[in-house]
Amino acid sequence: MPKPGCKFVDTDFSAIEASVVAWLADEEWVLQVFRTHDKIYEAIAIPYTRVHYQG
């Protein structure tokens, strides 16, 4: 537990590589996926599998 006046911070670095590469490449649609539901691998697979994310 954090001390009084301090905060406990939790982070999730899943798919950090995809996020950084999208930012460096200025891939706005990928960045939008991260901003909304963070399911980049599902979003990339939709055109190939024709299965849509049900989140």
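The structure under discussion appears in the preceding block.
Let me sum up the structure you'll find in this document.

Quick notes on the rules
Residues numbered from 1 in each chain as written. Predicted model: local features only at pLDDT ≥ 70, side-chain atom pairs only at ≥ 80, totals over all residues. Heavy atoms only, no water. Axes fitted to C-alpha atoms, helices over the stretch in contact; angles between N-to-C directions. Helix = DSSP H or I, 4+ residues; strand = E, 2+ residues; numbered from the N terminus. Parallel < 35°, antiparallel > 145°, perpendicular 65-115°, else oblique. Left-handed = near helix turned anticlockwise from the far one by under 90°. Contact = heavy atoms within 4.5 Å. Nonpolar A, V, L, I, M, F, W, Y, C, P; charged D, E, K, R; others polar. Patch = residues over 30% accessible without salt bridge, like charges linked within 9 Å, V, L, I, M, F, W, Y side chains within 5 Å. Areas by Shrake-Rupley, 256 points an atom, 1.4 Å probe, with all protein chains shown as cover. Salt bridge = Lys/Arg side-chain N within 4 Å of Asp/Glu carboxyl O. Core = buried A, V, L, I, M, F, W, Y, C linked by side-chain atoms within 4.5 Å. Buried < 20%, exposed > 50% of the residue type's maximum accessible area, 1.4 Å probe, protein only.

1. Considerations on the packing of helix α1 (residues 16-25) against helix α2 (residues 28-36)
Think of two packed helices as two axes; the pair is described by the angle between the axes and how far apart they sit.
1) Next: The interhelical angle for the contact between α1 and α2, taken along N-to-C directions, is 140°, at an axis separation of 8 Å. It follows from the interaxial angle that α1 and α2 lie oblique. Our pair here, α1 against α2, has a crossing hand that is left-handed. Touching Ala18, Ser19, Ala22 and Trp23 of α1 are Val30, Leu31 and Phe34, all from α2.
2) Next: A breakdown of the residues in the contact of α1 with α2 according to their chemical character gives six nonpolar, one polar and no charged.

2. What about a nonpolar patch on the surface?
1) Next: A cluster of nonpolar residues, Phe13, Ile16, Val20, Trp23 and Leu24, forms a patch on the protein surface that exposes about 570 Å² of accessible area.
2) Next: Along the polypeptide, Trp23 turns up in helix α1.

3. Observations concerning the nonpolar core
As a rule of thumb, soluble globular proteins bury nonpolar side chains together.
1) Next: By size, the foremost hydrophobic cluster in this structure holds nine residues: Ala15, Ala18, Ala22, Val30, Leu31, Val33, Phe34, Ile40 and Ala43.
2) Next: Counting only elements with at least two residues in this core, the list comes to α1, α2 and α3 (40-49).
3) Next: With four residues, α2 is the single largest residue contributor to this core.

4. Focus on the environment of Leu31
1) Next: The residue Leu31 is located in helix α2 in this model.
2) Next: Once the C-alpha coordinates of Leu31 and Val20 are considered, the two residues, eleven residues apart in sequence, prove to be 9.3 Å apart.

5. Considerations on unusual backbone geometry
1) Next: One non-glycine residue, Asp26, lies in positive phi territory at about 55°.
2) Next: Along the chain, Asp26 falls in the loop between α1 and α2.

6. What to know about the pattern of salt bridges
1) Next: Enumeration according to the criterion identifies one salt bridge in this entry.
2) Next: Of the charged contacts in the structure, one is a salt bridge between Glu28 and Arg35, with a shortest N-O distance of 2.6 Å.
3) Next: Among the residues examined, Glu28 registers a relative accessible area of 41% and is labelled partly exposed.
4) Next: Among the residues examined, Arg35 registers a relative accessible area of 51% and is labelled exposed.

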